[in-house]
Amino acid sequence: MSQPIRQQSPPGIGAADPHRPCYHFLPPAHWMNDPNGLIRWKGKYHLFYQHNPFAATWGLMHWGHAVSEDLVHWRHLPIALTPTPGGPDQDGCWSGCAVNDRGTPTLIYTGVQKGHQRPCLATSRDDDLLTWEKYAGNPVISAPPAGLEVIGFRDHSVWQEGDAWYQLIGSGIQGIGGTALLYRSPDLRHWEYIGPLCIGHREETGEMWECPDFFALGEKHVLIVSPIPLRKAIYWTGTYAGHRFTPEVQGVVDYGGHFYAPQTFCDDRGRRILFGWLWEGRSGEACQTAGWAGVMSLPRVLSLRPDGQLSQTPAPEVERLRGQHWRFEDIEVSPTSTGALSEIQGDSLEILAEFEPGEATEFGIRVRCSPDGVEQTEIVYDRLEKRLAVNREHSSLDPATHRDTFAAPLGSAADEKLTLHIFLDRSVVEVFANDQICLTSRIYPARSDSLGLDLWVQDGSARLRSLDVWEMRSIYG
Ligand code: DQQ
C-alpha cells in the first residue's frame, strides 16, 4: 500500500476545516474540477485534474497531478500542464485524456486561445509522468469541421481500433443538440473528420456535450456526456457499428446534483473505473475563505446490468480505509426505534444498510444529526413514489449553503430489498443504492456536534436486516 499523502497545504487548510473531506481526493489547496487523463502507468494510477493553482475559483486552468498505488491513497505531484504564453493553450489547458501510444504516454487536451478551443497533444518520457513536452505542431486540429455551426469544440475521448486512433470531441450543433464529433488518425497528430458519433435533441439532452467518454463495456458500448445546461452527467448504453453509436438505454450517472464531468479508464485488471467531479454547495466567498473548492468522487467500478443500465459500485480498495466497526442486525424500524444508533458519532463513515421496506411509506437513515435534531440530512426512500432522495432541508443552519433535495427513481426491486451504501466524508454524502443508482450531494453542517446517526420511518414500520458502519481513516498523513 502507498504511503499516505504528505499534504503541502498552506496554513489554514487542513484537518481543522470541518468540511474538508478526509478520504475523497482533493488538491492541497485552491480549485479543482474535472478528472483528466486517468491512466494506469508502470504499475501506478495517475489522476490529473482541472486545477486553478491560484485561487479557490475557476480560472486559468492547469492540469494538477496525483499518483496512487492502490487507487485510494494519493500523493500530490507537481502540476503537469501549464498554459504556454502565446501558445495555442495560452488561455487554459482544459479537459482531456491520456493514452499509451506504443509505449509513449500521451495527453490529448483542449488548448484554449482567444476563444478558440482546439485539441493539443503532450508526451512524457519519464516513468512517473512528471514532465510533459507539448507537441510543436499543436493544435492537432485547427478548427471544427467546416460547414458545421458548432457550440463548443472541447474535451476528448481517444481509443484505438486496429492500427487507427479515434477521437471524440464534445460539441453541439446550433439549433439541433449536443453531439460528439468523431475523428480518425494514424498517429494522434493528423486527424480526418468522420462525422458525429450521434446527435442528441436539444430540448432533452442539452445543446452542447462536455466531456464525452466512450468505451466498450461487456457486449455494449457506453457514451457518457455532461450536457450544457443539464448540470449532470448522463449516459447511454447501446451499439457501436460503422462509426455510429445507436443509443438504446439512457440513464443519469449520479442524481445528487453535485456530480459532473466524469471520466473513466481501464486498469490492468480490465476494470472500467470512473471518477467524477463533486462541486461545492456553498458560496464562492465561503470557498475563498476555506481556500479550496472541488472534490473527486470515490473510484467507481462500472458494469452493465441485464436491463442495459449502468451499474456503479465503489472500488473494493476503499475498504482498506475501514476502521472501527459497528454492526446491528434485525431492527424493526418504527417511530420508537429512533435513537437505536446513538452510540455512533462521526463525520467520516461508511454505512452499509439493508432494509426490507415493509409497510412504511418512507424510511431511511439520517446522518450528521445534531443532538436536538436541528441539523440533519435525510437519505430517504419513498416506497409509494419509488424514489430515493437526499433531503438537505435541515443539513445546515448556515443559510448560505444549498438546501434543495435531489431524488432518483429506483425500480421495484427496492420493494423487496433496499441496500444503501453511504459514504459520509464531512461535506460529501456519496450514496449507492442497490448497485443501481448513485446520489452524491454536499452538506455543510454548522454545528460541531452534528455527528449523530439515526433511523427514520414514516407511516408503519420497515425492517433493517443489517447495518454495518465503519469509521473511515483519512488518506492524508
Ligand atoms: N471543464 C473544462 C472544460 C469542460 C468543462 C474546463 C466541464 O474542458 O468542458 O475547466 O466541467
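Details of the structure are given in the entry above.
Residues numbered from 1 in each chain as written. Predicted model: local features only at pLDDT ≥ 70, side-chain atom pairs only at ≥ 80, totals over all residues. Heavy atoms only, no water.

Asker: I'm lost on the nonpolar core in this one. Help?
Answerer: Most often, soluble globular proteins have nonpolar side chains that are buried together. Core analysis: the largest hydrophobic core is formed by 43 residues, its most contacted members being Phe-25, Leu-71, Trp-74, Ile-224 and Phe-275. Per-element tally for this core: the top contributor is strand 18 (residues 272–278), with 4 residues. Two domains each provide a minimum of three residues to this core, namely domain 1 (30–316) and domain 2 (318–472). The contacts of Ile-224, once residues within four sequence positions are left out, are Cys-211, Pro-212, Asp-213, Phe-215, Ile-234, Tyr-235, Val-253, Pro-262, Thr-264, Leu-274 and Leu-310. Counting 38 residues, the second-largest nonpolar core is a separate cluster that includes Ala-408, Ala-414, Leu-453 and Val-469. (Core = buried A, V, L, I, M, F, W, Y, C linked by side-chain atoms within 4.5 Å. Buried < 20%, exposed > 50% of the residue type's maximum accessible area, 1.4 Å probe, protein only. Helix = DSSP H or I, 4+ residues; strand = E, 2+ residues; numbered from the N terminus. Domains from an automatic or database assignment. Contact = heavy atoms within 4.5 Å.)

Asker: Help me understand the pattern of salt bridges, please; the structure alone is not making it clear to me.
Answerer: Oppositely charged side chains can form a pair if their charged atoms are brought close together. Under the criterion given, the structure shown has 30 salt bridges. Where Arg-320 meets Asp-70, a salt bridge forms, and the shortest distance between an N and an O atom there is 3.7 Å. With a gap of 250 residues between them, Arg-320 in the loop between strand 22 (310–314) and strand 23 (322–333) and Asp-70 in the loop between strand 3 (62–68) and strand 4 (74–81) connect regions that are remote in the sequence. Accessibility expressed as a relative area gives 41% for Arg-320, which makes it partly exposed. One salt bridge in this structure joins Asp-449 and Arg-447, with 3.0 Å as the shortest N-O distance. Judged by relative accessible area, Asp-449 falls into the partly exposed class, the value being 30%. Taking relative accessible area as the criterion, Arg-447 reaches 24% and is therefore assigned partly exposed. A single salt-bridge network, built from bridges that share partners, covers Asp-267, Arg-269, Arg-271 and Glu-317. (Salt bridge = Lys/Arg side-chain N within 4 Å of Asp/Glu carboxyl O.)

Asker: What is the right way to read the sheet that holds strand 12 (residues 192–199) from this model?
Answerer: Either a parallel or an antiparallel arrangement is found when strands of a sheet pair, and the pairing is made through backbone hydrogen bonds. Pairing is antiparallel across the open sheet formed by 4 strands, whose spatial order is 9-10-11-12. The two strands at the open ends of the sheet, each matched to only one other strand, are strand 9 (150–161) and strand 12. Averaged over all neighbouring strand pairs, the angle between strand axes comes to 25 degrees, with direction disregarded. Alignment of strand 10 (residues 164–173) against strand 11 (residues 177–185), held across 9 bridges, turns out to be antiparallel. The partner of Gly-170 across the bridge, within strand 11, is Ala-180. (Pairing = 2+ DSSP bridges. Axes fitted to C-alpha atoms, helices over the stretch in contact; angles between N-to-C directions.)

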